[in-house]
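Given next are the chains, with one letter for each unit.
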There are 2 protein chains.
Amino acid sequence: MSLRYALLALLTAQPMTGYDLAKAFHVSVGHVWHAPDSQIYPELKRMVADGVIEGEAVAWGPKSTKTRYSISAAGIEAFTRWLDEPVEYPYDRDPAHLRAAYFEWADPDSARARLREHIVHYTERRAQWQGQLDAIRDRTHPILARRIQTDTRHSAEAIAAFKEFTYEGFVERADQEIAWARRGLALVDALQPGGAEPDRG
Amino acid sequence: MSLRYALLALLTAQPMTGYDLAKAFHVSVGHVWHAPDSQIYPELKRMVADGVIEGEAVAWGPKSTKTRYSISAAGIEAFTRWLDEPVEYPYDRDPAHLRAAYFEWADPDSARARLREHIVHYTERRAQWQGQLDAIRDRTHPILARRIQTDTRHSAEAIAAFKEFTYEGFVERADQEIAWARRGLALVDALQPGGAEPDRG
DNA sequence: TATACCATGTAATAAGTTACATGATTTG
DNA sequence: CAAATCATGTAACTTATTACATGGTATA
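Residues numbered from 1 in each chain as written. Chains lettered and ligands numbered in written order. Predicted model: local features only at pLDDT ≥ 70, side-chain atom pairs only at ≥ 80, totals over all residues. Heavy atoms only, no water.

> Would you explain the domain arrangement of chain A in this entry?
You'll often see interface size given as the accessible area lost when the parts meet. Residue and element names in this part refer to chain A. With domains assigned, chain A is organised as domain 1 (2-84) and domain 2 (95-191). Once you take the C-alpha centre of each, domain 1 and domain 2 turn out to be 26 Å apart. On the domain 2 side, the residues contacting the 12 residues of domain 1 number 12 residues. Summing the contributions of domain 1 and of domain 2, the shared interface buries around 950 Å²; its carbon and sulfur component is 55%. Taken together, domain 1 and domain 2 are joined by zero salt bridges. (Domains from an automatic or database assignment. Contact = heavy atoms within 4.5 Å. Buried area = accessible area lost by both parts, 1.4 Å probe. Salt bridge = Lys/Arg side-chain N within 4 Å of Asp/Glu carboxyl O.)

Structure, rendered in structure tokens:
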């Protein structure tokens, strides 16, 4: 159900067509709550049916139209009500840590490969999150800039501060995962003296 | 597909009936990869069909039987092959951080409530993970103890070290989430001077 | 005029969630 | 003999994944 609120959040910044919204999604809130286009379009239809957004057809070329969606009063209400509800935490399900727990069954080089992949994965994620953070801090993030312009009820300071806060948490998480995997590499080396060269990195 | 390997991992320690396995699951690897009984039993049937485990009926009372499952040679092979494959990282989908990003729309007391709930949630999780860690370290963890007894190819040291390593990562993650939420409380207070009492905790 | 990209999906599948169901057995 | 718990699920639903589909529009 979070996808709905992620989309509502985007539409509090400005009305958008489905396509623009999907694009904006992937470069902003999609970093926090992933969804493919094939999930976004049907959800938008359901949201119209439920009255939380409105869709109007706008001309596109000589014989085509596209739909521009805007949040309704009911949508604003649903969005703020959602913020008042407790979070439903997902169950723990962590494929990387699951494997790490049974590394005694893996070839030491295989274990090292998994840990290095973990570092690569979180290094890439970290770069993405840090990129968001930088753009939020210097106000070059296009969706944030637009939001600050159009939102009259909230201060630019507060709008940006909570987005910064969110991504800071992710960057710290990435750092923690990288540090954890490095310790794992050291552990594999310690348990398997004479294996591959100890990792420097 | 990870559920299958979590179950195989448990069965490398010893053969178990479905019921015992489900119970053991919930107090051990279920902390890393959650699954309800209603997912475990059907998966066991599929695993028998795929030949990675074998089920034998054992008498239970005068007129009933239960099934005892043991890992097969093919199962051991599937399990170790799984450790050789790269991890498929799930997409990011974080309901708590998603909300935090839009706290400017929330009543400050609502934002505080969400952040306090975050602290409570991770404090509880941390206690569970730390409990596992303590039991692993002093070798009182029943499944680990059994595993160390029955596993002739891996050293007790390595078996325990990787489980420790796994749970250490979770404990650190919990600490990070708690610290993050505390900073969030401070941020809400800073943006809303004169709101509720600043949090001490 | 071809290529990129705009626009919007559908279909099939997989995985996981919640609620409920049923009967046998052991134990106090 | 009642209660707990052992034992094993099924059904209905929701959510998400992957792959594919289709045609219009702008631009070089």
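Having seen it, we continue.
> How do you make sense of the relation of the copies chain B and chain A when you look at a structure like this?
In this arrangement, two copies of a chain are superimposed by a rotation about an axis accompanied by a shift along the axis. Mapping chain B onto chain A is achieved by rotating through 180° and translating by 0.0 Å along the same axis, at an RMSD of 0.0 Å. Taken together, the rotation angle and the small translation identify this as a two-fold axis. Identified as the residue of chain B closest to the rotation axis by C-alpha distance is Arg173(B), at 3.5 Å. A share of 100% of the interface residues of chain B reappears at the interface of chain A, consistent with the copies meeting face to face through the same patch. (Least-squares fit on C-alpha atoms with pLDDT ≥ 70 in both.)

> Just to check I follow, could you spell out the sheet that holds strand β2 (residues 53-60) of chain A for this structure?
Pairing between sheet strands relies on hydrogen bonds along the backbone, with the strands arranged either parallel or antiparallel. Residues and elements named next belong to chain A. Taken in spatial order, the three strands make up an open sheet running β1-β3-β2, and their pairing is antiparallel. Pairing within the sheet leaves two strands with one partner each, and these edge strands are β1 (16-17) and β2. By the bridge criterion, eight bridges tie β2 to strand β3 (residues 64-71) in an arrangement that is antiparallel. Directly across from Gly55, in β3, lies its bridge partner Tyr69. Lying on the sheet, helix α3 (residues 37-49) is in contact with β2 and β3; it crosses β2 at an angle near 120°. (Pairing = 2+ DSSP bridges. Helix = DSSP H or I, 4+ residues; strand = E, 2+ residues; numbered from the N terminus. Axes fitted to C-alpha atoms, helices over the stretch in contact; angles between N-to-C directions.)

> Explanation requested: the nonpolar core in the structure shown.
A general trend in soluble globular proteins is that nonpolar side chains are found buried together. Of all hydrophobic cores here, the largest spans 126 residues; its most connected members are Phe25(A), Phe79(A), Phe25(B) and Phe79(B). For this core, the element with the highest residue contribution is helix α8 (residues 156-191) of chain B, accounting for 17 residues. Sequence-distant contacts of Phe25(A), that is, excluding residues within four places in its chain, are made with Leu3(A), Ala6(A), Leu7(A), Leu10(A), Gly30(A), Trp33(A), His34(A), Ala35(A) and Ile40(A). (Core = buried A, V, L, I, M, F, W, Y, C linked by side-chain atoms within 4.5 Å. Buried < 20%, exposed > 50% of the residue type's maximum accessible area, 1.4 Å probe, protein only.)

> Help me out: how do you make sense of the pattern of salt bridges in this one?
Should the charged atoms of two oppositely charged side chains come close, the side chains can pair. Overall, the coordinates contain 32 salt bridges over all chains when judged by the stated rule. Ionic pairing is found between Arg4(B) and Asp50(B), a salt bridge with its closest N-O pair at 2.9 Å. Remark: Asp50(B) occurs in the loop between α3 (37-49) and β2 (53-60) and Arg4(B) occurs in helix α1 (residues 2-11); sequence separation between them is 46 residues. Among the residues examined, Arg4(B) registers a relative accessible area of 8% and is labelled buried. On the basis of relative accessibility, which here comes to 48%, the residue Asp50(B) falls in the partly exposed class. Each member of the salt-bridge network shares a partner with another, and the members are Arg137(A), Glu164(A), Glu168(A), Glu172(A) and Arg183(B).

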